[in-house]
Amino acid sequence: MSLIRRRKGSEPEKGQSENSEPKIQKKEGEEEEEREDDDDNGKNKKYKKNKNEVDLLKKKKSNKWSCVDSCCWFVGCICTLWWFLLFMYNVMPASFPQYVTEAITGPMPDPPGLKLKKEGLSAKHPVVFVPGIVTGGLELWEGHQCAEGLFRKRLWGGTFGEVYKRLGVVIRKFVLGICPGPSCWVEHMSLDNETGLDPPGIRVRPVSGLVAADYFAAGYFVWAVLIANLARIGYEEKTMYMAAYDWRISFQNTEVRDQTLSRIKSNIELMVATNGGNKAVIIPHSMGVLYFLHFMKWVEAPAPLGGGGGPDWCSKYIKAVVNIGGPFLGVPKAIAGLFSSEARDIAVARAIAPGFLDNDMFRLQTLQHVMKMTRTWDSTMSMIPKGGDTIWGGLDWSPEEACRLNIKRQSSGEYTQLTDEETNKTHVNYGRLISFGRDVAEADSSKIDIVEFRDAIKGPNIANTTCRDVWTEYHDMGLGGVRAIADHKVYTAGSIIDLLQFVAPKMMERGGAHFSYGVADNLDDPKYEHYKYWSNPLETKLPNAPDMEIFSLYGVGLPTERAYIYKLSPFAECYIPFEIDPTADGGAEVSCLNDGVYTVDGDETVPVLSSGFMCAKGWRGKTRFNPSGIKTYVREYDHSPPANLLEGRGTQSGAHVDIMGNFALIEDVMRVAAGAKGEELGGDRVYSDIFKWSDRIKLPL
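Residues numbered from 1 in each chain as written. Predicted model: local features only at pLDDT ≥ 70, side-chain atom pairs only at ≥ 80, totals over all residues. Heavy atoms only, no water.

Caption draft 1: Fine view of the overall build of the chain. When helices and strands are counted, the chain shows 23 helices and 23 strands. Here the chain holds 701 residues, and the buried ones make up 50% of them. Looking at the chain as shown, the accessible area adds up to about 33,300 Å², and 55% of this sits on carbon and sulfur atoms. (Helix = DSSP H or I, 4+ residues; strand = E, 2+ residues; numbered from the N terminus. Buried < 20%, exposed > 50% of the residue type's maximum accessible area, 1.4 Å probe, protein only. Areas by Shrake-Rupley, 256 points an atom, 1.4 Å probe, with all protein chains shown as cover.)

Caption draft 2: The arrangement of the environment of Glu401 in detail. Considering the arrangement of structural elements, one finds Glu401 in the loop between helix H15 (388–392) and strand S12 (402–404). Along the sequence, Glu401 and His427 sit 26 residues apart, while their C-alpha atoms lie 6.1 Å from each other. Those residues in contact with Glu401, other than ones at most four positions away along the chain, are Thr426, His427, Val428, Tyr430 and Arg696. (Contact = heavy atoms within 4.5 Å.)

Caption draft 3: Layout of the pairing of strand S18 (residues 549–556). The buried fraction of S18 amounts to eight of the eight residues, a majority that puts the element mostly inside the structure. Across the two faces of S18 the burial is the same, with Glu549, Phe551, Leu553 and Gly555 and Ile550, Ser552, Tyr554 and Val556 all buried. Sheet topology places strand S11 (residues 318–324) next to S18; five bridges connect them, and they run parallel. Following the sheet pairing, Ile324 is matched in S18 by Leu553. When S18 meets strand S23 (residues 631–638), the two strands line up parallel, connected through eight bridges. Residue pairing for S23: Leu553 is matched across the bridge by Arg635. (Pairing = 2+ DSSP bridges.)

Caption draft 4: View of the state of the cysteines. Under the counting rule described, the total for this entry stands at two disulfides. Between the sulfur atoms of Cys146 and its disulfide mate Cys184 the distance is 2.0 Å. Since a negative S-S torsion denotes a left-handed disulfide, the Cys146-Cys184 link at about 80° is right-handed. Remark: Cys184 occurs in helix H6 (residues 182–189) and Cys146 occurs in the loop between strand S4 (138–142) and strand S5 (154–156); sequence separation between them is 38 residues. Cys184 gets classed as buried once you look at its relative accessible area, which sits at 7%. Bridging Cys403 to Cys592, the disulfide has an S-S length of 2.1 Å. Measuring the twist about the S-S bond at about 95°, one finds the Cys403-Cys592 disulfide to be right-handed. A residue pair is termed long-range when its members are at least 10 positions apart, and Cys403 in strand S12 and Cys592 in the loop between strand S20 (578–580) and strand S21 (593–594) qualify at 189 residues. The residues Cys403 and Cys592 share a single accessibility class, namely buried. (Disulfide = S-S within 2.5 Å.)

Caption draft 5: Structural context of the pairing of S4. Alignment of S4 against S5, held across two bridges, turns out to be antiparallel. Across the sheet, the residue bridging to Leu138 is Trp156, located in S5. Pairing between S4 and strand S6 (residues 203–206): four bridges, direction antiparallel. Looking at S6, one finds that Leu138 is bridged to Pro206.

Caption draft 6: Molecular detail of the pattern of salt bridges. This model, assessed by the stated rule, comprises 27 salt bridges. The shortest N-O distance in the salt bridge between Arg257 and Asp258 comes to 2.8 Å. Comparing Arg257 with Asp258, the two get one shared label, buried. As a salt-bridge pair, Glu300 and Lys297 come within 3.7 Å of each other at their nearest N and O atoms. Of the two residues, Glu300 and Lys297 both sit in helix H10 (residues 287–300), three residues apart, roughly one turn of that helix. For the residue pair Glu300 and Lys297, the accessibility class agrees, reading buried in each case. (Salt bridge = Lys/Arg side-chain N within 4 Å of Asp/Glu carboxyl O.)

Caption draft 7: The arrangement of the side chain of Ser382 in detail. Among the secondary structure elements, Ser382 is positioned in the loop between helix H14 (366–374) and H15. The class of Ser382 is buried, set by a relative accessible area of 0%. The contact partners of Ser382, leaving out residues within four places of it in the chain, are Phe251, Met287, Leu290 and Phe515.

Caption draft 8: A look at helix H8 (residues 251–258). The element H8 is largely enclosed, with a buried count of seven among its eight residues. Considered for burial, the residues of H8 that qualify are Phe251, Gln252, Asn253, Thr254, Glu255, Arg257 and Asp258. Buried residues along H8 sit in contact with S6, helix H9 (260–273) and H10. Immediately downstream of H8, the backbone of Gln259 shows phi near 55°, a positive value.

Caption draft 9: Summary view of the sheet that holds S11. With parallel pairing, six strands are arranged side by side in an open sheet as S9-S3-S10-S11-S18-S23. The sheet is open, and its two edges are formed by strand S9 (240–242) and S23, each paired on a single side. Between one strand axis and the next, the sheet turns by 15° as a mean value, whatever way the strands run. Strand contacts of helix H7 (residues 224–232): strand S3 (127–130), S9 and strand S10 (280–284), with the helix running at about 175° to S3, the strand carrying the most contacts. Along the sheet, H10 contacts S3, S10 and S11; its crossing angle with S11, the most-contacted strand, is approximately 150°. (Axes fitted to C-alpha atoms, helices over the stretch in contact; angles between N-to-C directions.)

Caption draft 10: Structural context of the environment of Ile264. Relative to the assigned elements, Ile264 resides in helix H9. Judged by its relative accessible area of 2%, Ile264 falls in the buried class.

Caption draft 11: Inspection of the sheet that holds S5 at higher detail. With antiparallel pairing, three strands are arranged side by side in an open sheet as S5-S4-S6. On the outer flanks of this sheet lie S5 and S6, each paired with one strand and no other. The mean inter-strand angle of the sheet, taken between neighbouring strand axes irrespective of direction, is 45°.

Caption draft 12: How the structure looks around the confidence of the model for the chain. Residues with a pLDDT of 70 or more make up 72% of the chain, whose mean pLDDT is 81. For the stretch residues 159–180, pLDDT sits under 50, and the model shows 28 contacts to residues farther than four places along the chain or on other chains. Counting contacts from residues 407–416, a segment whose pLDDT is below 50, to residues more than four positions away or on other chains yields 15 contacts. (pLDDT = per-residue confidence, 0-100.)

Caption draft 13: Spatial organisation of the packing of aromatic side chains. Counted by the stated rule, this structure contains 24 aromatic pairs. Ring centres of Trp156 and Trp185 lie 6.0 Å apart, and the angle between their planes is 15°; on these two criteria the pair is classed as stacked. Here Trp185 lies in helix H6 and Trp156 lies in strand S5, a separation of 29 residues in the sequence. Classification of Trp156 by relative accessible area gives buried; the value is 15%. Judged by relative accessible area, which is 31%, Trp185 ranks as partly exposed. (Phe/Tyr/Trp six-rings, centres within 6.5 Å; stacked < 30°, edge-to-face > 60°.)

Caption draft 14: The arrangement of H9 in detail. When the terminal C-alpha atoms of H9 are compared, their 20 Å separation across 14 residues agrees well with the 20 Å that a helix rising 1.5 Å per residue should span. Within H9, the full set of buried residues consists of Thr260, Leu261, Ile264, Lys265, Ile268, Met271 and Val272. The arc that holds the buried residues of H9, viewed along the axis, is 145°, so those residues lie on one side. Set apart from the buried face of H9 by more than 90 degrees, the exposed residues are Leu270 and Ala273. Next to the buried residues of H9 lie S3, S9, H8, S10, H10 and helix H11 (313–317). (Expected span 1.5 Å × (residues − 1). Arc of directions from axis to C-beta.)

Caption draft 15: A look at the packing of helix H17 (residues 473–488) against helix H18 (residues 493–503). Running from amino to carboxyl end, H17 crosses H18 at an angle of 130°, the nearest separation of the two axes being 9 Å. The angle between H17 and H18 falls in the class oblique. Mapping the contact onto sequence places Glu473, Tyr474, Met477, Gly481 and Ile485 in H17 and Leu499, Phe502 and Val503 in H18. Residue composition of the contact of H17 with H18, grouped by class: six nonpolar, one polar and one charged. (Parallel < 35°, antiparallel > 145°, perpendicular 65-115°, else oblique. Nonpolar A, V, L, I, M, F, W, Y, C, P; charged D, E, K, R; others polar.)

If you want it as structure tokens, here you go:
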């Protein structure tokens, strides 16, 4: 075919009809586009489009609104609104929410600090705060090129100002084309997979001082409310000490790398010496409870493994240990985290948006990165359930025994507890911490065909070389290992350790050198002098300090994860092969089964059994775990949600972190710090069935 060109104003070509559609005349300098096609008769047709018309069509096309545009605008509006509200929250006078709340609901009760100040209480015993996992701030001291400009900026936690500082660095690097993305952050928050310490060229260290854990993020308090109330009765920085530590590494390694245990010992001795000899009150929270258990054995032990303080150090320097939300016996939630990087909220998110968290678009693969990072944090292994089937139950029994939906009803303006007849009671095999399928979770144990997995042959690999950036130990386990795990069908606390050793041998090899999960037969055996046993209350003795008191303060009334129903993931190659089955739901029949998770009474993170057993039975009176007869007390705080949004996270919350703002708990802590003993607080205060559950546990004492 030939291209026919015509000059401006030329006559029609031969054979062209006078009635033909007229050509569009173009001004001088304009370009034309001609396209020629063959019609059915073999005749050629010419099409011309004016450049202006082409531009107009392109413009109309570009103005079409796509779904991506809508999503981007929506996300942008949400982010802008969030930043604006966050800014307004921080510039708002502290008393403003109180004024509005009082106008709506009436006068608010006095904060505990103000109330106790009116009663004449004042600072007496120096206090030491021991933060838990996640809540302590971490800052960068040395990093790779992608983190340049973040020296001494927080990589974890931080205030409103710190968020803006980090954001400024990220924006500046983005403009320069060196954006520190998520992979850079994961790289710097991870530890060396062989040593459990710093990777080469990276140093991330805990923030020091009270600011280390007063707020986890802008507006999200941890210790801030307690610190502020203590200040009202005369406490200040010289009488308060935040025992900050790197919560990622094993307890003993905090001393090896940072000498943290030695610093805690020296600071306690200094505070007691400079406060008239008044002993210290220690206030650990969450994993900090286990960390301080380790400290109490370390400080007594001779050097070089211990602090060389001698057997009477705790008796000399500690008045009371007031544990808040303590996972003394571990938490089932840690199993799900180590096994599949999940919890109930992740399972729900997966059900809402299947595949999103595992999406490899832009190489995000969220859960794989989380697993790769958290499996280098040796401290997480301290939270694995301790005591095996003796404590947590087996295939056919568990201390909690029945699923109880503790509902509250409101009558005459007051909350009252429902009677046993009114609550939903259904037998649940809580001892089966992991079951593959709801039918397995509910079947009689004699009908479950369990296939041994420990000697299964691993392989072939289920991942290809493109997954190397999110390579986990599952990829080395192969299809044979994955099938063996699923074919075993059910796991109790006794077999969970073997399961984790099979799916994550490198992680458990490191963890096995620092933590233990059994029950001691003979505590006088010299092997229990090793530091791996010091954070397990079932494999160590309390110090010889008969005048010291131990409190267990924790929330109740909230559904708390206890056991899981799993399924094989439909994904292959780069994905985690197991996931919680969110379709497993008990409905009205089994009210404690939701989204593949069986729940019991607790504080949303730690079940009552873990928080309360040691003070309710294991240490109660003179036992082999408490030979000097240290007095122990259980103080529970029944959860009540905030009355309105302006009340924030509530002053009667029993949730694991929000309880740090619970007025009743703060008052109890302050009274102990001001000199009160457990009996003066009223002794035990219990809402749950912790004493009944403890009696079902047949543990020689």
